[in-house]
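Reading the structure
These are the residues of each chain, in order.
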Amino acid sequence: MNATLRQYESADLPALYEIDKACYETGIAYSRHELRWYLEQEGVDCVVAEFGGQVIGFILSHRDRAHSHIITIDVLEAWRRKGTGTALLEEIERRLAASGARVVELETATTNKAGVAFWQKHGYRTVGLLKGYYLGRLDAYSMRKTLPDGPLDHSTHPGESN
């Protein structure tokens, strides 16, 4: 089963908010207000994954010239390990590279073993440790990937998961 990827629309906000709450604990998950604020910022891009008309995941990034940041990637548990996250990441990286970004940075909890493995699998490397980054008590890795110059050519096609 392949998810379809598409650009975020304002009507998606309630679904994105619910997915973020399902993916992260209280205090780490974004409030509806925070999520809306991010989505309204200049340089922000959001790709939504859906299946059968239901939003099943999304990725949110911000770009400022050649540097970019993945704010969050959220996939409903039932859709994890089925290529949805990879498809979202590849699409946002393609968009970032096409817009001139050369470096992508992100943070992930040191206790999130599956998340760390996901990022490493996709070429992200740990560049630092952020003590108490989440809730003042959970450490995070600062991770980075350098994007190649020119368009990215991933093994999957936009809109398809592997």
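Since the model is a prediction, treat every value here as computed from it, not as a measurement.

Quick word on the overall build of the chain
Along the chain, the regular secondary structure elements total 4 helices and 7 strands. Order of helices (α) and strands (β) in the chain, N terminus to C terminus: β-α-α-β-β-β-α-β-α-β-β. The C-alpha radius of gyration of the chain comes to 15 Å, within 12% of the 15 Å expected for a compact globule of 162 residues. Along the first, second and third principal axes, the C-alpha set of the chain runs to 40 × 35 × 30 Å. Buried positions account for 45% of the 162 residues belonging to the chain. For the chain, the proportion of contacts with a sequence separation of at least 24, taken over those separated by at least 6, is 61%.

Digging into the packing of aromatic side chains
Taken as a whole and assessed by the stated rule, the structure comprises 6 aromatic pairs. Seen from their ring centres, Tyr-30 and Tyr-38 are 5.2 Å apart, and the 70° between their planes marks the pair as edge-to-face. The class of Tyr-30 is buried, set by a relative accessible area of 18%. Overall, the relative accessible area of 24% leaves Tyr-38 in the partly exposed class. Seen in terms of ring centroids, Trp-119 and Tyr-124 are 5.2 Å apart; in terms of plane orientation they differ by 75°. Their pairing is edge-to-face. Its relative accessible area of 0% is what places Tyr-124 among the buried residues. An aromatic cluster of at least three residues, connected via ring pairs, comprises Tyr-30, Trp-37 and Tyr-38. Looking at Lys-82, its charged tip hangs above the ring of Trp-79, at a distance of 5.5 Å from the centre.

Digging into helix H4 (residues 113-121)
Buried residues of H4: Gly-115, Val-116, Phe-118 and Trp-119, and no others. Buried residues along H4 cover an arc of 160° about the axis, so they all sit on one side. Residues of H4 that are exposed and point more than 90 degrees away from the buried face comprise Lys-113 and Lys-121. Its buried side turned inward, H4 meets strand S4 (67-75), helix H3 (84-98), strand S5 (103-109) and strand S7 (138-146). Two residues or fewer after H4 comes Gly-123, characterised by a positive phi angle close to 90°.

Quick look at the packing of H3 against H4
Orientation of H3 relative to H4, taken along the N-to-C sense of each, is 45°, at an axis distance of 11 Å. Looking at the two axes, H3 sits oblique to H4. The two elements H3 and H4 meet at a crossing, and its hand is right-handed. Residues Gly-85, Thr-86 and Leu-89 of H3 touch H4, and the partners they reach there are Phe-118, Trp-119 and Lys-121.

Comments concerning the nonpolar core
Residues Ile-59, Ile-70, Leu-88, Leu-89, Trp-119 and Tyr-124 are the most contacted members of the largest nonpolar core, which totals 24 residues. Where this core is concerned, the elements lending two or more residues are strand S2 (44-51), strand S3 (54-64), S4, H3, S5 and H4. Among the elements that take part in this core, H3 stands out by supplying 6 residues, more than any other. Contact partners of Tyr-124, with chain neighbours within four places excluded, come to Ile-70, Leu-89, Glu-93, Val-104, Leu-106, Trp-119, Met-143, Arg-144 and Lys-145. Listed in part, the 15 residues of the second largest apolar core include Tyr-8, Leu-16, Tyr-30 and Cys-46.

The rules behind the values
- Residues numbered from 1 in each chain as written.
- Predicted model: local features only at pLDDT ≥ 70, side-chain atom pairs only at ≥ 80, totals over all residues.
- Heavy atoms only, no water.
- Helix = DSSP H or I, 4+ residues; strand = E, 2+ residues; numbered from the N terminus.
- Rg over C-alpha atoms; globule rule 2.2 N^0.38 Å.
- Buried < 20%, exposed > 50% of the residue type's maximum accessible area, 1.4 Å probe, protein only.
- Contact = heavy atoms within 4.5 Å.
- Phe/Tyr/Trp six-rings, centres within 6.5 Å; stacked < 30°, edge-to-face > 60°.
- Lys NZ or Arg CZ within 6 Å of the ring centre and 35° of its normal.
- Arc of directions from axis to C-beta.
- Axes fitted to C-alpha atoms, helices over the stretch in contact; angles between N-to-C directions.
- Parallel < 35°, antiparallel > 145°, perpendicular 65-115°, else oblique.
- Left-handed = near helix turned anticlockwise from the far one by under 90°.
- Core = buried A, V, L, I, M, F, W, Y, C linked by side-chain atoms within 4.5 Å.

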